[in-house]
Amino acid sequence: MSAPRPREPLAVRLLLIGLAFAAIALFLVIPLAAVFVEAFRHGAGAWLAAVSEPDARHALKLTLLVAAIAVPVNAAFGLAAGWALGKFRFPGRNLVLTLIDLPFAVSPIVAGLVFVLAFGRSSLLGGWLAGHGIEVVFAVPGIVLATVFVTFPFVARELVPLMQSQGTDEEEAARVLGAGFFTTFLRVTLPNVKWALLYGIVLCTARAVGEFGAVSVVSGHIRGATNTLPLHVEALYNEYAFQGAFAAASLLTLVALAAMLAKAFLSRHAGEEAP
Amino acid sequence: MSIEVRSVSKSFGSFLALDDVSLQVGDGEFVALLGPSGSGKTSLLRIIAGLEEPDRGTVHFHGEDATRRDARERRVGFVFQHYALFRRMSVFENVAFGLRVKPRAERPPETDVKRRVTELLKLVQLDWLGDRLPSELSGGQRQRVALARALAVEPKVLLLDEPFGSLDARVRQELRRWLRRLHDEIHLTSLFVTHDQEEALEVADRVVLLDRGRSSRTAPPRSSSRSPPPRSSSTFSAR
Ligand SMILES: Nc1ncnc2c1ncn2[C@@H]1O[C@H](COP(=O)(O)OP(=O)(O)O)[C@@H](O)[C@H]1O
Ligand SMILES: [Mg+2]
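One numbering rule holds for all chains: residues counted from 1, following each sequence as written. Note on labels: chains are lettered from A, ligands numbered from 1, in written order. This being a predicted model, a pLDDT of at least 70 is required before a residue's local features are given, and a value of 80 or more before pairs of side-chain atoms are given or counted; all residues contribute to the totals for chains, interfaces and linings. Here the side-chain values reflect all heavy atoms present in the structure, with hydrogen atoms and water set aside.

**Here we look at the overall build of chain A**
Here is step 1 of the chain: Assigned secondary structure in chain A consists of 15 helices and zero strands.
Here is step 2 of the chain: Along the first, second and third principal axes, the C-alpha atoms of chain A reach 70 × 65 × 30 Å.
Here is step 3 of the chain: In chain A, which comprises 275 residues, the proportion classed as buried is 40%.
Here is step 4 of the chain: By definition, residues are in contact when any of their heavy atoms lie within 4.5 Å. A separation of at least 24 residues holds for 75% of the contacts in chain A among residues at least 6 apart in sequence.
Here is step 5 of the chain: Working note: accessible area of chain A is about 14800 Å², and carbon and sulfur atoms make up 73% of it.
Here is step 6 of the chain: Taking the average place of the 18 positive charges on the side chains of chain A and the average place of its 16 negative ones, the gap between the two points comes to 4 Å. Secondary structure follows DSSP: runs of H or I at least 4 residues long count as helices, runs of E at least 2 residues long count as strands, and numbering of each begins at the N terminus. Each residue's exposure class comes from its accessible area (1.4 Å probe, protein chains only) as a fraction of the maximum for that residue type: buried when under 20%, exposed when over 50%, partly exposed otherwise. Per-residue accessibility takes into account occlusion by the displayed protein chains alone, with areas from the Shrake-Rupley method and a 1.4 Å probe. Residues counted as positive are Lys and Arg, residues counted as negative are Asp and Glu, and His and the chain ends are not counted. Where a charge lies is defined by one atom per residue type: Lys uses NZ, Arg uses CZ, Asp uses CG and Glu uses CD.

Structure, rendered in structure tokens:
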């Protein structure tokens with residue numbers, strides 16, 4: 001059953017394996033370790049002080065708030081997109097499929113600028129909103145919008161191909177058995193993509209927490225007001241406040257590591273869902 | 001409940017899949033729809049079940065026009081060509097599904113669901129596999145689960161789309177006999193799709209041919225010494 005193993009000489013194999021490990025160490029392990037070494041250089045007390053300082057606390061809270069809005073919104077969008085694009089054929093479907101990837105293709109800076117143009121005070125929409133006391137650009141709503149935009153593809157990309165490959169057989173079986181639309185969705189469609197959905201949510205969360213470019217443009221960098229955690233890191237770093245910058249960065253790194261672990265766990269289950 | 005298809009046509013794009021097809025299945029009758037692959041058998045079953053709308057023509061149940069009736073309200077049992085079992089549900093939950101999704105007023109209590117599902121699993125001889133997932137079953141077992149699931153809601157008619165198509169010859173032979181015996185017991189109006197002539201002749205009371213979207217009736221007496229045709233079918237021919 002097993003495929004014949006390649007038969008390169010031992011020395012070549014060892015060399016290649018060694019090179020792979022060296023590359024991983026150089027590009028992944030050492031930088032990650034450096035973040036924690038720097039963060040704890042002056043001890044755990046200094047780290048704690050740096051992450052619980054008011055601006056850092058505010059940045060952390062804002063980051064969590066933004067993720068708490070952007071991730072559920074994109075989970076819902078992604079489910080809707082996966083369902084519509086995966087289960088149905090309609091005119092314009094290919095266009096929509098291409099548009100879903102737009103946030104990946106566009107540079108985050110450009111995405112940020114687009115939101116500034118669309119919602120800035122000098123724009124029609126922005127002016128109208130400002131007239132009703134709603135600030136979007138250089139305020140929290142803008143940060144949320146930019147994050148939603150940048151993280152939109154993650155869930156949809158997992159779900160569209162999966163739902164397409166699963167087809168509509170089970171939904172039709174449910175319908176003939178008398179199940180209505182919502183019942184079918186909740187009992188059949190959703191459970192069939194549960195792990196892929198969670199997988200997409202993890203990727204989406206990691207990016208929502210870590211997003212810098214687009215958020216940087218719309219936030220205005222107002223300390224204690226519109227700085228998210230990544231922006232806070234940058235601000236401190238630019239002021240040579242390395243201890244604080246790395247302490248905050250260590251939090252972001254922890255989120256990334258947790259996402260990696262969750263990803264590894266979920267990808268095994270997500271694999272089972274493909275028919 | 002009788003099924004009557006009157007002059008149904010259906011195109012997919014410019015391709016005419018069903019061309020003025022008419023067909024009758026009397027109350028309690030077991031009819032085989034025989035035709036080569038691509039002749040429109042699945043399309044016709046889907047139209048009868050309400051999963052597809054005909055371009056022209058009507059579908060009647062028990063003499064009533066049901067063409068505009070939603071698939072959910074047709075009370076049709078459908079056994080799909082590729083089973084279409086719910087992959088994330090156990091065998092038991094698959095069979096129970098139709099009972100659990102009934103409107104609250106008609107939904108049987110949990111004890112009745114249990115009893116009914118167990119009965120059905122016994123009927124298809126799978127009561128010992130209730131906890132398994134569909135992926136853990138053989139093709140023949142999946143097919144019987146699909147049948148039990150369709151029967152759970154007490155359908156008025158049963159539509160079977162090449163139910164034994166992907167099984168090996170021996171299992172096929174067995175299931176075929178078993179299905180015939182089952183029909184002789186419960187007399188459920190059944191339309192059985194196949195591309196295998198021998199299968200059609202052996203299992204059904206009557207065979208209808210479908211060729212490139214056109215139907216022609218044939219009425220060979222079932223080559224059978226096993227059982228007389230069900231009583232209800234003679235009622236039909238007397239009409
Ligand atoms: N949804 C569809 N879209 C386009 N063509 C279809 C569709 N369903 C069936 N057809 C075509 O209609 C013809 C009959 O199909 P089908 O009813 O599945 O035949 P059978 O079940 O007898 O093999 C085939 O040529 C098939 O390609
Ligand atoms: Mg077919």
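Having seen it, we continue.
**Here we look at the overall build of chain B**
Here is step 1 of the chain: Counting secondary structure elements, chain B contains seven helices and 10 strands.
Here is step 2 of the chain: Using C-alpha atoms as the atom set, the radius of gyration is obtained and then compared with a globule rule of 2.2 Å times the number of residues to the power 0.38. Relative to the compact-globule value of 18 Å for 239 residues, chain B shows a C-alpha radius of gyration of 17 Å, a close match.
Here is step 3 of the chain: Seen along its three principal axes, the alpha-carbon backbone of chain B occupies a region of about 45 × 40 × 35 Å.
Here is step 4 of the chain: In chain B, which comprises 239 residues, the proportion classed as buried is 53%.
Here is step 5 of the chain: Considering only contacts in chain B between residues 6 or more positions apart, those separated by 24 or more positions represent 69%.
Here is step 6 of the chain: Of the roughly 11200 Å² that chain B leaves accessible, carbon and sulfur atoms contribute 48%.
Here is step 7 of the chain: On chain B, the mean spot of the 39 positive side-chain charges and the mean spot of the 33 negative ones are 2 Å from each other.

**Some thoughts on the domain arrangement of chain A**
Residues and elements named next belong to chain A.
Here is step 1 of the chain: Here the bounds of each domain stem from an automatic or database domain assignment. In terms of domains, chain A is made up of domain 1 (7–39) and domain 2 (46–273).
Here is step 2 of the chain: The distance between the C-alpha centroids of domain 1 and domain 2 comes to 32 Å.
Here is step 3 of the chain: Contacts between the two partners involve five residues from domain 1 and, on the opposite side, nine residues from domain 2.
Here is step 4 of the chain: What gets called buried area is simply the loss in accessible area from a 1.4 Å probe that two parts show on being joined, summed for both. For the pairing of domain 1 and domain 2, the buried interface totals around 610 Å² over both sides, and the portion due to carbon and sulfur atoms is 80%.
Here is step 5 of the chain: By the criterion of area lost to domain 2, the three top residues of domain 1 are Val35, Phe36 and Ala39, representing 69% of everything that side buries.
Here is step 6 of the chain: Here, a salt bridge means any side-chain nitrogen of Lys or Arg that lies within 4 Å of a carboxyl oxygen of Asp or Glu. Where domain 1 packs against domain 2, one counts zero salt bridges.
Here is step 7 of the chain: Here a polar contact means two N or O atoms within 3.5 Å. Within protein one must be a hydrogen donor candidate and the other an acceptor candidate, and residues neighboring in sequence count only if both atoms are side-chain atoms. Along the contact surface separating domain 1 from domain 2 lie one residue pair in polar contact (both at pLDDT 80 or more).
Here is step 8 of the chain: Tallied by class, the residues present in the side of domain 1 that touches domain 2 amount to four nonpolar, no polar and one charged. Amino acids outside the nonpolar list (Ala, Val, Leu, Ile, Met, Phe, Trp, Tyr, Cys, Pro) and the charged list (Asp, Glu, Lys, Arg) are all regarded as polar, and Gly is one of them.

**Comments concerning the packing of helix 12 (residues 194–210) of chain A against helix 15 (residues 242–273) of chain A**
Residues and elements named next belong to chain A.
Here is step 1 of the chain: Here helix 12 crosses helix 15 at 160 degrees, and the two axes come no closer than 8 Å. Taken together, the axes of helix 12 and helix 15 lie roughly antiparallel to each other. Classified by chirality, the crossing of helix 15 by helix 12 is left-handed. Contacts between helix 12 and helix 15 involve Lys194, Trp195, Ala196, Leu198, Tyr199, Val202, Leu203, Ala206 and Val209 from the former and Leu252, Val255, Ala259, Ala262, Lys263, Phe265, Leu266, Ser267, His269, Ala270 and Glu273 from the latter.
Here is step 2 of the chain: Partitioning the contact of helix 12 with helix 15 into residue classes produces 15 nonpolar, two polar and three charged. Comment: axis = line fitted to C-alpha atoms, over the contacting stretch for helices; angle = value between 0 and 180 degrees taken between N-to-C directions. Here is the rule for angles: anything less than 35 degrees is roughly parallel, anything more than 145 is roughly antiparallel, 65 through 115 is roughly perpendicular, and the remaining ranges are oblique. Take the far helix as the reference: if the near one is turned anticlockwise from it by less than a right angle, the crossing is left-handed, and if turned clockwise, right-handed.

**Let's talk about the interface of chain B and chain A**
Here is step 1 of the chain: Counting residues at the interface gives 22 residues for chain B and 21 residues for chain A.
Here is step 2 of the chain: Taking both sides of the interface into account, the surface hidden between chain B and chain A amounts to around 2000 Å²; carbon and sulfur atoms contribute 57%.
Here is step 3 of the chain: The largest per-residue losses of area from chain B upon contact with chain A belong to Arg72, Arg87 and Arg88 of chain B, which jointly make up 36% of the total buried on that side.
Here is step 4 of the chain: At the surface where chain B touches chain A, the tally comes to two salt bridges.
Here is step 5 of the chain: Between arginine 46 of chain B and glutamate 172 of chain A there is a salt bridge, with its nearest N and O atoms 2.7 Å apart.
Here is step 6 of the chain: Joining chain B to chain A, the criterion identifies three residue pairs in polar contact (both at pLDDT 80 or more).
Here is step 7 of the chain: Secondary structure elements with two or more residues in the side of chain B that touches chain A: strand 6 (76–79), helix 2 (91–100) and helix 4 (139–152) of chain B.
Here is step 8 of the chain: Top contributing element to the side of chain B that touches chain A by residue count: helix 2 of chain B, with three residues.
Here is step 9 of the chain: In terms of residue class, the side of chain B that touches chain A is built from 13 nonpolar, two polar and seven charged.

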